Amino acid sequence: MSDTSVNTSDADHEGDLKRSITGRLLFFYVLGDVLGSGIYVLIGSVAAAVGGAFFVAFAVGVTIATVTGMAYAELATKYPRAAGAALYINKAFGNKPLTFLVTVLFLASSFAAAGSLATGFASYFAEVWAAPPILLVSLVFIALLAVVNYIGITESVVANMVMTFVEVAGLIIVMIIGVTVVFQGDADFTVLGDFSAEGNPIFAIVAGVSLAFFAMTGFENAANVAEEVVDPARNFPRALIGGMAGAGIFYVLVSIAAALTVPVGTLADSDAALLTVVESGVLPLPVGVVSIVFAIIAMTAITNTTLVAIVTQPRVLYGMAREDVVPAVFGKVHPTRRSPVVGLIFSAAVVMILLSISQGLKSAGLSIDVVARLASVTVVLLLIIYSMVIVACMKLGKTEVNTEHYRAPRPLLVLGLIGNLAVLFYTVQDDPTSVIWCLGLIAVGVALFVFEYFFGKRDRPTGLDRGQQTLGEESS
C-alpha cells in the first residue's frame, strides 16, 4: 500500500477515523474557529493597546497566522492524519520526548482554552437565566459538547457550520452599524490613523498583535481532522487558507466599524466592546432586547470555538497513540460512531476537573483563577508550537511522501517564523510569569512521558519496538 492511498481511502478499516468532511464543511470549520469568541471579547483590549488604528493589529496578526497556516497546509496534505503539530514534529525530528512535549503543550493550551470558554459561556448564560450556578452550567456545557463529538465528526462539523452562520450574522450587524454611521455623516475617519496609546506606535501595534493573536488561533485545530477530510490534498489548503483570510477580513472590517461608531476610550473600557457598539443607539431597537440577542450570539460563538477544541483534543491523543507516544488505549475508536471515545472521555474529564478546581479556589477565597491563568499563557504555548511547525515544514521540504501535497512559499515561511518569534518575545517580556506556568506544564509533561516510557511496553505488540507501529507505516 503506498502512502498516497491515505488521501483517497474512505477509512474503511475498523481502527480508522471516518473520512467525511468536505472542503466546504472544513472552510466553515476554520472560519468559525478563527472567528470564534475572540472577536466578541478582545476588541476592547486591542483598542486600549493601540488606539483608533487597532484594526492594523488585527491585520498584522492575521497575516502572520495565515502564513503559519500555509505551513500547516503543506504538512497536513503530506501527512493527512490526526495529531497535527505533534505528528509533524515527530516526522521532522524523530524525537519522541520532543514530540510528547509538543503534544502536552498543545493539549494544555486546548484544555485551558476550553475551560475558559466554558466559564465565559456560563457568564453570558447568566444574562439570559441567572438561576443555575456558573460551575453547573459550565460542566453541563462541556458534557453536551462531548456528546455531540461522540455522535460523530460529521455531525460536529455541521453543528460548527450552523453556529458559524450565527456568529457571522452578529458581526454583520456590527458592520451594518458602521456603514449606517458613515452614511449619516457621523463618522470621524481620522480616528483610523490614531495611535493614541502610550509609547512608540510600532510597540503599540506589537502589543496589539500580541493580544489579537489569541483571537487568530484555532486554525491549527483543522490539522487534527485532516485524516477525516475528503480529498485532503485538494480541499485542505483551500479551506484552511481561505477560512483564515475570510476571518481576517471580518476582523478588520468589524474593527473599523467599531472605531467609527464608539469612542476608542469607551471601547477600551468595555468588557464586551461589540455589545457596546450595538447598544450605541444606531439601531432602532430596545437596549434590553439587543443585550439578550447579543448574549445569545456570543454564547453561540463560544460554543462554536469550544466544540472545535473538544473535537481536537481526543484526536491529538488518538494520533499520538498511533505514533506510540501516549498509551495505546487512546487510539481506540467506537466501532460504529468511529469517534476516538477514550480520548474524548479523558479530555472532557480534564476540562471539568480544571473548572472544578478553579471554582474551588474561588470558593476558598483565593484570588488565583487557574483556568484563566492557563488561558493567558495559551498564546505563548501556541507561538512556540507554530514556530516549530514552520521549522518542521522547511526541514521536511524535500521529503516527498506523495505527489499531491500543497507546497508553501519558502520566503513567506521565513517571514512567518520571524513574526511568530517576535510576538512570542514580546508576550514573554510583557508577562514574564507566563514562563513559570509554561515550565510547570513542561514538568508535568516530562513526568507523563517517563511514565509512558517505562510502562507503555505493556500495550505494545510483541516483537515491535517503540515507534514501529506508526499509523500503519509498517504495511506501506
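The structure this text deals with has already been given above.
Residues numbered from 1 in each chain as written. Predicted model: local features only at pLDDT ≥ 70, side-chain atom pairs only at ≥ 80, totals over all residues. Heavy atoms only, no water.

## Notes on the overall build of the protein chain
Here comes step 1: Along the protein chain, the regular secondary structure elements total 19 helices and 0 strands.
Here comes step 2: The 476 residues of the protein chain split such that 57% are buried.
Here comes step 3: Summarising the internal contacts of the protein chain: among those between residues at least 6 apart in sequence, 82% fall at separations of at least 24.
Here comes step 4: Put simply, the protein chain shows about 18900 Å² of open surface, and 69% of that area lies on carbon and sulfur atoms. (Helix = DSSP H or I, 4+ residues; strand = E, 2+ residues; numbered from the N terminus. Buried < 20%, exposed > 50% of the residue type's maximum accessible area, 1.4 Å probe, protein only. Contact = heavy atoms within 4.5 Å. Areas by Shrake-Rupley, 256 points an atom, 1.4 Å probe, with all protein chains shown as cover.)

## What about the nonpolar core?
The nonpolar side chains of a soluble globular protein tend to be buried, and buried together.
Here comes step 1: Grouped together as the largest cluster of nonpolar side chains are 149 residues, with contacts concentrated most on Leu26, Phe54, Tyr72, Tyr88, Phe236, Leu240 and Ile385.
Here comes step 2: Among the elements that line this core, the one with the most residues is helix 14 (residues 287-322), at 17 residues. (Core = buried A, V, L, I, M, F, W, Y, C linked by side-chain atoms within 4.5 Å.)

## With respect to the packing of helix 10 (residues 201-216) against helix 18 (residues 410-430)
Here comes step 1: One way to put it is that helix 10 packs onto helix 18 with a least axis distance of 9 Å and a crossing angle of 95°. Classified by the angle their axes make, helix 10 and helix 18 are roughly perpendicular. Along its contact with helix 10, which presents Val206, Ala207, Val209, Ser210 and Phe213, the element helix 18 presents Asn420, Val423, Tyr426 and Thr427.
Here comes step 2: When grouped by side-chain class, the residues that make up the contact of helix 10 with helix 18 number 6 nonpolar, 3 polar and no charged. (Axes fitted to C-alpha atoms, helices over the stretch in contact; angles between N-to-C directions. Parallel < 35°, antiparallel > 145°, perpendicular 65-115°, else oblique. Nonpolar A, V, L, I, M, F, W, Y, C, P; charged D, E, K, R; others polar.)

## Looking at the side chain of Gln313
Here comes step 1: Mapped onto the elements of the fold, Gln313 is located in helix 14.
Here comes step 2: Residues within four places of Gln313 in sequence aside, it is in contact with Leu107, Ser110, Phe111, Ala114, Ser347 and Val351.

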